[in-house]
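Results of the structural survey
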Amino acid sequence: MYSGRVLGPKGRHRLRGLFEGLLRTHDAYARWRSRAGRRRRPGREWWSDEPRWFPGGTPPRQHNRVTPLVDGESFFAQLREELSGAQRYVFIIGWCLTPDIPLSRREPADLVRTRLLDLLNETAQRVPVRVLLWAGAPFLLQPTTGTMRSVQREMSERCKGDLRCELDRTARLSHCHHQKAIVVDGRVAFVGGMDLTTYQGDRWDTHGHPLRVGVNWHDVQVRVEGEAVADVEVNFRQRWEGATGQSDLPPPAP
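In this report, we go over the structure that sits alongside the text. Values in this document were obtained by computation on a predicted structure and should not be read as measured data. (Residues numbered from 1 in each chain as written. Predicted model: local features only at pLDDT ≥ 70, side-chain atom pairs only at ≥ 80, totals over all residues. Heavy atoms only, no water.)

**Side note on the nonpolar core**
One finds F75 and M155 to be the most contacted residues of the largest nonpolar core, which totals 39 residues. For this core, the secondary-structure elements that each account for two or more residues are α2 (72–85), β2 (90–94), α4 (116–124), β3 (129–134), α5 (145–158), β4 (163–168), β5 (181–184) and β6 (188–192). Ignoring sequence-local partners within four residues, the contact set of M155 consists of L97, P99, L117, L120, V131, L163 and C165. If you look at the next biggest cluster of nonpolar residues, it comprises 15 residues, including V183, A189, V232 and L249. (Core = buried A, V, L, I, M, F, W, Y, C linked by side-chain atoms within 4.5 Å. Buried < 20%, exposed > 50% of the residue type's maximum accessible area, 1.4 Å probe, protein only. Helix = DSSP H or I, 4+ residues; strand = E, 2+ residues; numbered from the N terminus. Contact = heavy atoms within 4.5 Å.)

**What about empty space enclosed by the protein?**
If you walk through the whole model with that rule in mind, you get two cavities of 30 Å³ or more. Each pocket or cavity is described by its volume, and for the largest cavity that value is around 80 Å³. Along the wall of the largest cavity there are 14 residues; nearest its centre are I92, I93, M194, D195 and L196. Those elements that place two or more of their residues in the lining of the largest cavity are β2 and β5. Sort the elements by how many residues they give to the lining of the largest cavity and β2 lands first, with three residues. Here the lining of the largest cavity is built from residues that sort into ten nonpolar, two polar and two charged. Considering only enclosed or pocket space, the second largest cavity measures out at about 30 Å³ in volume. Mapped onto the lining of the second largest cavity, the elements with two or more residues apiece are β2, β5 and α6 (228–244). (1 Å grid on protein atoms, 1.4 Å probe; cavity = no way out; pocket = protein on both sides within 12 Å on 5 of 7 lines; lining within 4 Å. Points joined across faces, edges and corners; volume = space filled by probe spheres on them. Nonpolar A, V, L, I, M, F, W, Y, C, P; charged D, E, K, R; others polar.)

**Re the packing of α4 against α5**
Running from amino to carboxyl end, α4 crosses α5 at an angle of 45°, the nearest separation of the two axes being 10 Å. Accordingly, the angle class assigned to the pair α4 and α5 is oblique. For the pair α4 and α5, the crossing hand works out as right-handed. Touching L117, D118, L120 and N121 of α4 are E154, M155 and R158, all from α5. Here the residues of the contact of α4 with α5 are counted per class, giving three nonpolar, one polar and three charged. (Axes fitted to C-alpha atoms, helices over the stretch in contact; angles between N-to-C directions. Parallel < 35°, antiparallel > 145°, perpendicular 65-115°, else oblique. Left-handed = near helix turned anticlockwise from the far one by under 90°.)

**Some details on the packing of aromatic side chains**
We describe a pair of aromatic rings using the distance from one ring centre to the other and the angle between the two ring planes. A full pass over the atoms with the stated rule returns six aromatic pairs. A ring pair is formed by F75 and F76, whose centres lie 5.4 Å apart and whose planes are at 55°; its orientation type is tilted. Taking relative accessible area as the criterion, F76 reaches 0% and is therefore assigned buried. The interplanar angle of 55° and the centroid separation of 5.6 Å between the aromatic rings of F75 and F190 together place this pair among those described as tilted. Here F190 lies in strand β6 and F75 lies in helix α2, a separation of 115 residues in the sequence. Summarising the burial analysis for this pair, F75 and F190 share the class buried. Of the aromatic side chains, those joined through ring pairs into one cluster are Y89, F91, F236 and W240. Over the ring of W217 we find R203; its NZ or CZ atom is 3.7 Å from the centre of that ring. Against the face of Y89 rests R237, its NZ or CZ located 5.9 Å from the ring centre. (Phe/Tyr/Trp six-rings, centres within 6.5 Å; stacked < 30°, edge-to-face > 60°. Lys NZ or Arg CZ within 6 Å of the ring centre and 35° of its normal.)

**What about unusual backbone geometry?**
Positioned with a positive phi, D71 is a non-glycine residue whose angle comes to about 80°. The residue D71 is located in the loop between β1 (64–70) and α2 in this model. In this model, D185 sits at a positive phi of 60°, which is unusual for a non-glycine residue. Mapped onto the elements, D185 comes out in the loop between β5 and β6.

**Observations regarding the environment of E233**
Assignment of secondary structure puts E233 in helix α6. Put simply, E233 and V188 are 45 residues apart on the chain and 9.7 Å apart in space, counted from C-alpha to C-alpha. Residue contacts for E233: discarding those within four places in its chain leaves Y89, F91, V183, G186 and P252.

**Observations concerning α4**
With seven of nine residues buried, α4 is to be regarded as a mostly interior element. All of the buried residues along α4 are L116, L117, L119, L120, N121, T123 and A124. In the core, the buried residues of α4 are packed alongside α2, β2, α3 (110–113), β3, α5 and β4.

What follows is the structure, encoded as structure tokens:
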């Protein structure tokens, strides 16, 4: 098909130019690889050792265990376990929160026995619990500022331990804070797509995805252990100080 009789003089010229361009690209890549190899320091083989990959000052972390938790049932079960074992502090950051969302649905009694705020209250009897949520939208968008104030008030009134819930009002009018992260004791973190809420859809779901009333929510969270947990915690501390103007969080765990 690519014979001269089919392509003609112009076609052959264009095809030759294409091949020459590919060869030049290949040669340039080979030269770049050669230079990169000469720049690499002895004993440092990972590409992220070069500071140009992290101009913000936070290099990629090598020593981590990252476990995907697909669907709310997997995430909520592990979160419940970590809350029950917290020894230093718990930091929660989110878009929205439903105080009475149950973290287990295996038995009918779980709907009451594993309600989030009750578990946070038990945890707050032992360690400080800090929750930072978006302040909501003044109008049109959801959830509204009034909704988030109600959540904050309910958590403050019903929790008797060392729990504080603050609202982050630093987002611009047309923006929202959408991070979802939890840090327990500086030892384990959860980050991903799931808020602890039933607002605009119940985040609890199973791998079987049984049909439920309302919006069914299929998403993933990851459990992080290792060096990167400290980076998630630094992010929370920065957000907390920026939103509240206070740097009164418990000191970082070793």
